[in-house]
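# Fold and contact review
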Amino acid sequence: MSSLRNIPSIDELLLQDEIRSLDEDFNHEFITNMLRRAVGIVREELRNSEAVLEKEAINHQIMAVFNREIHKSARGTLQTVINATGVVLHTNLGRAVLSNRAIEYMVEMAGHYNNLEMDLLTGERGSRYMHVEQLLKEITGAEAALVVNNNAAAVMLGLNTLAAGKEVIVSRGQLVEIGGAFRIPEVMKLSNAILNEVGTTNKTYSSDYEQAINENTGLLFAAHTSNYKIEGFTSEVTLQELVELGQKYSLPVMQDLGSGILYPMAQWGLKEEPTVQECVKSGADVITFSGDKLLGGPQAGIIIGKKPLIETMKKNQLTRALRVDKLTIAALEGTLLEYLSGNPAIKIPVLRMLCQPPQELLDQSRQLYQKFHDQLDNHAKVETIEILEVEDMVGGGAYPTYRIPGWGVAIKFQGITLDQIAGQLRLKQPALLTRRQDDKMLISVRTLQAGEDEQIIRLIQSVLQN
Ligand SMILES: *Cc1c(COP(=O)(O)O)cnc(C)c1O
């Protein structure tokens, strides 16, 4: 008990040189709060201990806890992660890594005033929605475009504008849930549209839609089944057929593409899914997709389609609540400009990673293997290191069943479990996220960024040292 009497007061602690020198970096209130927290933690420890400590020893303990706590608190919670999983659009790791042009454009707009909502020709108030629209029209061939916060917002805005209080006909095979938080039936409810499901889970025909059309029908809706695939005895109506039906009954057709492909990637094995341009050609009235999936830009929801419908959406009050900020607009314009450059597969990291030839990945794996071999191989806890052929994934709800052949390096450890090592690597800075293959830790090289090889070695070494 008597140790507690030796705890210095907050005022005493504040007078120490070590604390006073922090004035430049932290405000007084924050420092005081952290000292109180440290004193609280040490007091608890002393209470549970038999030892009787002198003031100086206690002071020492408090300062150790204080330094730990202040550095933990004075840091943003967002931190960089090395993605060695081979999942290119990893939804939990921030999806798309932006292109240099997007980053530069965004940084420039962040540090300066800009014409976000000013028409510089007239000096009058302009619209933030004009910025990306021209580029999107140019690239997709659509009549008009609008960008909102994310694709979930785009779908909701589309449904609310075109079908509030009306029925929306959807195939049962397309009532998707994306990432646990986006469910078509729920979004439908929130947008005040009435869901009218037709067909069955595996088969829906044009006649199913046709029979469901009545005087209260407002919209024909198709959703891309982004994260699953129904195989076997299946049938879905094509967008073309839906458009024909829409024209026959004067009903708009909206397609939620999820991950919009702007650049044909069939040559890299990524086929089966239509590009945005093809959907526009099919005659869909409204098409929505994400900015940060296969497009490779920032989080955004892109709506393209027939001009009168897009104009009505712009006037919807919901749009104000779903609008994008200047940083998103800048990053998206920077990304879209890469599509005009003629070589997006080199300049946009998402496309570059997806299109990288296996031979290059193998070479990269050999280099990484060599570094591991030189710097880790003689470690007692490292049993084997080898180059492995791996199966990577697109991620982000695109091509759910498609595996992209790639290469990586696998390490087998001894005297430490894979869960232990993976857990410790996640807590490093930068964090390292690896994959597990049988009893080995796998580093897939496809998703590594420049300069990360050396960091990976340093991180593994530091974990093995403990
Ligand atoms: C990903 C996805 C969404 C949600 O898009 P966010 O940009 O994540 O809001 C909606 N619909 C489909 C089909 C998707 O794949």
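Our subject is the structure listed above.
A brief look at the structure comes next. Sequence order as written defines the numbering, with residues in each chain counted from 1. Whole-chain, interface and lining totals are the exception, using all residues; otherwise, since this is a predicted model, local features are given only for residues with pLDDT of at least 70 and side-chain atom pairs are given and counted only at 80 or more. In computing side-chain values, all of the structure's heavy atoms are included and hydrogens and water are not.

Secondary structure elements are defined from DSSP: runs of H or I of at least 4 residues count as helices, runs of E of at least 2 residues count as strands, and each element is numbered from the N terminus. In terms of regular secondary structure, the protein is built from 19 helices and 18 strands. The principal-axis extent of the C-alpha atoms belonging to the protein is close to 90 × 55 × 45 Å. Accessible area is worked out with a 1.4 Å probe on protein chains only. A residue is then buried under 20% of its type maximum, exposed over 50%, and partly exposed in between. Across the 466 residues in the protein, those meeting the buried criterion constitute 50%. For the protein, the separation between the mean place of its 46 positive charges and that of its 58 negative charges on side chains is 2 Å. Only four residue types enter the tally: Lys and Arg on the positive side, Asp and Glu on the negative side; His and the chain ends are excluded. To locate a charge, take atom NZ for lysine, CZ for arginine, CG for aspartate or CD for glutamate.

As a further point, take the sheet that holds strand 17 (residues 435–437). Judged by pairing direction, the sheet is mixed, and its five strands sit side by side in the order 2-14-15-18-17 without closing on themselves. Whereas interior strands pair on both sides, the edge strands pair on one side only; in this sheet they are strand 2 (87–89) and strand 17. Taking the axes of each pair of neighbouring strands and ignoring which way they run, one obtains an average angle of 40° across the sheet. Any two strands are treated as partners once DSSP identifies two or more bridges connecting them. Two strands pair when backbone bridges link them, and strand 14 (residues 382–395) and strand 15 (residues 398–413) are joined in this way by twelve bridges, in the antiparallel orientation. Following the sheet pairing, L388 is matched in strand 15 by G408. Seen against the sheet, helix 18 (residues 418–426) touches strand 15, strand 17 and strand 18 (440–444) and runs at an angle of roughly 40° to strand 18. Contacts are assigned to residue pairs with any non-hydrogen atoms lying within 4.5 Å of each other. Angles here are taken between N-to-C directions and fall from 0 to 180 degrees, while the axes themselves are lines fitted to C-alpha atoms, restricted in helices to the stretch in contact. Helix-sheet contacts for helix 19 (residues 452–465) involve strand 14, strand 15 and strand 18, and the interaxial angle to strand 15 is about 55°.

Attention shifts here to the site of the ligand. To be near a molecule or strand, a residue needs just one of its heavy atoms within 4 Å of it. Neighbouring the ligand are the residues R95, N150, N151, A152, I178, F182, H224, S226, D256, G258, S290 and K293. A distance of 2.9 Å separates an oxygen atom of the ligand from a polar atom in the backbone of A152. Here a polar contact is taken to be a pair of N or O atoms separated by no more than 3.5 Å, where protein atoms must pair a possible hydrogen donor with a possible acceptor and residues adjacent in sequence count only if both atoms sit in side chains. Here D256 contributes a side-chain N or O atom positioned 2.6 Å from a nitrogen atom of the ligand. Note on areas: these come from Shrake-Rupley sampling with a 1.4 Å probe, and a residue is covered only by the protein chains present in the view. Against a free-state accessible area of 380 Å², the protein chains account for coverage of 95% of the ligand. Of all the elements in the fold, those that place two or more residues in the shell around the ligand are helix 7 (151–163) and strand 11 (253–258). Polarity classes work like this: nonpolar for Ala, Val, Leu, Ile, Met, Phe, Trp, Tyr, Cys and Pro, charged for Asp, Glu, Lys and Arg, and polar for all others, with Gly in that last group. The residue inventory of the shell around the ligand, partitioned by class, reads three nonpolar, six polar and three charged.

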